[in-house]
Structures are given as C-alpha cells and as structure tokens.
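Observations on chain architecture
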Amino acid sequence: MAKYLLCKTDKNALSYKCGEKIVFLISARENAMDISCDKIHWRLWTDDGGFFEGEGKSEPNKPLRVEVVLNRPGFAHIFCECYTPDGKLDTSIDTVDASAGAEIEKLSYCDTVPEDFDEYWGEIEKQIEAFTPEIVKWDEVDSKEGFKTYDVRITTPIDSLASGYISIPEKKGTFPMMVGFQGCSLGGAYKSHIDNTISAVFNAHGFENHLDKEELEKKYPHLYDYGFNEEENASNKTTYFRNMMIRNLAAVKFLKTLPQWNKEGFMATGGSQGALQATTVAAHDKDITFLEIFIPWFCNLNAVGCGYMDGWRPKFAEGLRYFDTVAQGTRVKCPTRITAYLGDSCCPASTVTTLYNSMTCPKILNFFQAGTHTARPAEPEKFSFFSDNENPDNEVILGKYRHFKGNEYEVIGKAYDSETMEEMIIYKALYGEGETWVRPKTMFNEFTEKNCLAVKRFTKI
C-alpha cells in the first residue's frame, strides 16, 4: 500500500452543530500504520465563505490538528499535502481531500424549481409518448460468455440518434433491466454484463460507440466543451442538455419493447454526468423502479451564488434551471441510493446533500470520508443517511425479522458505538449456531436492490 495522508475528525464528521469547533486530525500512513511527516501544508475552505491555510507535522499517535467553526449549515473542506525537509513536495505520500459538516440536514436548494418546470417536461414526455423508436443499427459484437451484446443506434424524436450497447442473457426467460449512463466525456458507451439482467449503456451524444477518443475529438471538435456554452444555456430550448435527455428517454422507451424484459424491475444508474442523466430518466419515466447514482453532478447549480463552495460545472443560467439534478430529484418517485465522497471538489458535499434533502422518495445517502471525484480513500470511513416514508422515525422494534436473502433473525437490543455514538442494532440468527450480530441502525432499516427492485434489508415478521 502506498504512503498516504489520512483525515479523521474528533467525532462523526457529519454530526457537528453550527458554532461548534470542527476538529480535523491528519496522519501520515503506510500500510494502515502511522508514519512521520515533518511538514504538512493544509488549505481549508468553508461553506460560509472562509479560507484558511497553515502548516504542521504528524507523528505516530500524534496527528496534525486543524480546527474550524462553521457559522451556518454546510461543510468545511480541507486539502493536505506533505513536503520534504528541504521544502519540496513529497510525491511519495498521497495527498488527502476531506470534509466535515455542520447541521447538514438543514441544507436547502439555492434556487426554486421553475414555475413551468412540469409544463416544460410534460411536453417532452408527450413527445416521447407519441414517438416510436426504430432500429438503425443492431450489430452483434464480441461479448462475455453467456450474453449476446449488440452495438445499437435508434431513432429519437429529434434529428439525433440514441447510441449504446445492450447485453442480453443467452438463456431463455425474461429478466430485469438496467440502463446506465456515463460521465462527462466524448467517449462512446461501454459494454456491461450483469448476471440474469438485461444491461444497456448509452452514450451522452448519440455518436458511434466504436470510435476511440482521438477519433471522436477529430470528428466532433465542436463538442469539446459541450454544455458550457453560456449563450446556449440561456434558454431551456437551446441548452445541449435538452437533446441529451430526449435521446435518453427515447432509448429507455425502446428498451421497454425488448421481449426479454420481465416488465417488473427497471433500474437507472450512472455516475457524475451519468447521475444527472439517470435522475432525469427516473423523474420522467414512471417505469423506473430503482435509481442508483454515484458522485452526482449538476446539483444545486446556484450554490456559489449563495456563498457555498463552487464545483466544476457550467455557470448558473436560466436554461439550466430545468436540468439541475436537484430539480429533477424532486420529481423522482422510485427508491434512490446515492453514493458520494466527502473530498470531492468537483461535486462538493453540500450540493450532494442538497439533492438528498430535496428528494421525497425513499432514499439512502452513503458518504465516504476523503476520496475525490475519481480517487477512492485508502481507509474508507462511511456515513449513511436513510429516509423512508413508511417509517419516518426510522424505528426498529424488538422481535423477529426476515433478511431479504431469506434467513430469519431476532432483534434483541440496541446499543451505541462509543466512538461515533451511532445507534446500533443487536440481533441473533435463528438458524445454525445462533450467532449474535451488530449492525448500524441506518443500515438495518434501509432498503437494498434486488433484481432492479427496492427490497427491505430486514422485514418484520
């Protein structure tokens, strides 16, 4: 394992109050053991407009301590890097980005959903409903054993094709469906194979899947900075994202015509820009049964206008208000699971939290400390939030439960983690040797995905 910096906090990183001292503890590590770093330079930004920087050192069992206070709900984001004694950046020790939050349950949308939002999207939905997609290309390509995979291009209601790969299990029967969307890039779609599932992935632009990045950039140079044209983004009729979403919705309509679909489970998924696309599809297609998104992009676009930390995305514009992932999220009805990283400066934690807070469907938010938009933490620390309209108080009562995989258990008590004060559930297996287990209450109560449908992890019996 490489050398790296590790960030901890003196309590649950997402449990601070406004006005309370947030304490970051920075350690240099190798193979999960403390090492020394004599010079750590840190920079810290806050969602109430603060910026601070300084230096210190970390020794075994004596981490660098950095403190800050937030005066309004939001996050503090810290970036740390090591230097050698002669003042040079020590590239042998990985840097760390991390965050902690205060009263994050109070974070709210820095905009309002446009008054004509439903009218605007209603017209697009009617356009999709009246249209019948037709196959332009259906070429079988090399595939994983047990699947038939096709390079597909289909017509849409606009002068642009939807383009992707579809993989279908070879065995007889019908299957749940998963449609995936990719992050911000000029790449073609990738092939996906999931056991006992029809798996489709569509690219964001409708161009050929087989071309590599260099060929695509040469053939479509005007798409180099797509979505960032301020003149286009001034109107919801001309922004690049309009046609992107129309292609996606047409592709989903086509997928539902496949005879191998079981007409039950249909999951939409994607990361970054793909999360925006998947959320929009889930908001406007009633047959989506589960939404799974990662490092969601395009959330709370006017956050910087309200003084929150900015990320990497187009400048807030009138036309983009109809595509903000938060606005779309308010229309999602199916269960949703969000995974994100507290060190992500491309999609800051406050914007992801605002998406979660604004959704009214059953929902899960899993945050991991550190990690960025592309890098994952060496020692993951997970923070989970869960909300279900059927159990708004998130209660677990004593008694017998059935796990979604079939085994039965009995909840025999509750406890608290002495380090984080997280509430835990104690339960005993009603099979085998009757082992006793413990699990965070949030995780015990939450739903999970099975066959592209949401199922409760534990059901009272």
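You'll find the structure just up there.
Quick summary incoming for the structure in this document. (Residues numbered from 1 in each chain as written. Predicted model: local features only at pLDDT ≥ 70, side-chain atom pairs only at ≥ 80, totals over all residues. Heavy atoms only, no water.)

What about the sheet that holds strand E21 (residues 408–416)?
Where we set the bar: Pairing between two strands requires that DSSP report at least two bridges joining them. Numbering of helices and strands runs from the N terminus, with a helix taken as a DSSP run of H or I at least four residues long and a strand as a DSSP run of E at least two residues long. To get an axis, a line is fitted to the C-alpha atoms, and for a helix only the part in contact is used. The angle between two axes follows their N-to-C directions and goes from 0 to 180 degrees.
The strand order E23-E22-E21-E20-E26 describes an open sheet built from five strands, whose pairing is antiparallel. Every other strand in the sheet has two partners, leaving strand E23 (436–440) and strand E26 (458–460) as the edge strands with one partner each. Put simply, the sheet's adjacent strands are angled 40° from each other on average, direction ignored. In this structure, strand E22 (residues 423–429) lies alongside E23, joined through five bridges in antiparallel fashion. Directly across from Met 424, in E23, lies its bridge partner Pro 440.

Description of the pattern of salt bridges
Where side chains of opposite charge bring their charged atoms close, a pairing between them can arise. Going by this rule: The salt bridge criterion pairs a side-chain nitrogen of Lys or Arg with a carboxyl oxygen of Asp or Glu, the two atoms within 4 Å. Three labels apply to residues, based on accessible area from a 1.4 Å probe with only protein chains included: buried if under 20% of the type maximum, exposed if over 50%, partly exposed otherwise in between.
Applying the stated rule across the entire model yields 28 salt bridges. In this structure, Glu 55 and Lys 39 form a salt bridge, with 3.9 Å as the shortest nitrogen-oxygen distance. A residue pair is termed long-range when its members are at least 10 positions apart, and Glu 55 in strand E5 (residues 51–58) and Lys 39 in strand E4 (residues 37–46) qualify at 16 residues. Judged by its relative accessible area of 26%, Lys 39 is partly exposed. A salt bridge links Glu 123 to Lys 237; its shortest N-O distance comes to 3.9 Å. Linking Glu 123 in helix H1 (residues 117–129) with Lys 237 in the loop between helix H3 (230–233) and helix H4 (240–255), this pair joins segments that are 114 residues apart in sequence. Residue Glu 123 is classed as partly exposed on the basis of its relative accessible area, which comes to 43%. Taken together, the shared-partner salt bridges connect Lys 256, Asp 285, Lys 286 and Asp 287 into one network.

Some thoughts on the packing of aromatic side chains
The test is simple: Only Phe, Tyr and Trp rings are paired, with Trp represented by its six-membered ring, and only when their centres lie within 6.5 Å; those with planes under 30 degrees apart are stacked, over 60 edge-to-face, the remainder tilted.
Tallied over the entire structure, the rule returns 29 aromatic pairs. Considering the side-chain rings of Trp 261 and Phe 266, the 5.6 Å spacing of their centres and the 65° angle between planes classify their relative orientation as edge-to-face. Accessibility expressed as a relative area gives 7% for Trp 261, which makes it buried. Between Tyr 341 and Phe 368, the aromatic rings sit 5.6 Å apart at their centres with planes inclined by 25°, giving stacked as the arrangement. In this pair, Tyr 341 is assigned in strand E17 (residues 336–341) and Phe 368 in strand E18 (residues 363–368), connecting sequence segments 27 residues apart. Taken individually, Tyr 341 and Phe 368 each receive the classification buried, so the pair is uniform in this respect.

Examining the pairing of strand E16 (residues 290–294)
Applicable threshold: With the strands aimed away from the viewer, a crossover counts as right-handed if its path from the first strand over the helix to the second runs clockwise.
Buried residues dominate E16, accounting for four of its five residues. Both strand E15 (residues 261–271) and E16 contribute to a ladder of five bridges, which runs parallel. Note that in E16 the partner of Thr 269 across the bridge is Glu 292. At this point the chain moves from E15, through helix H5 (residues 273–284), to the parallel E16, and the crossover so formed is right-handed. Here E16 pairs with E17 via four bridges, running parallel. Bridging across to E17, Phe 294 finds its partner in Thr 339.

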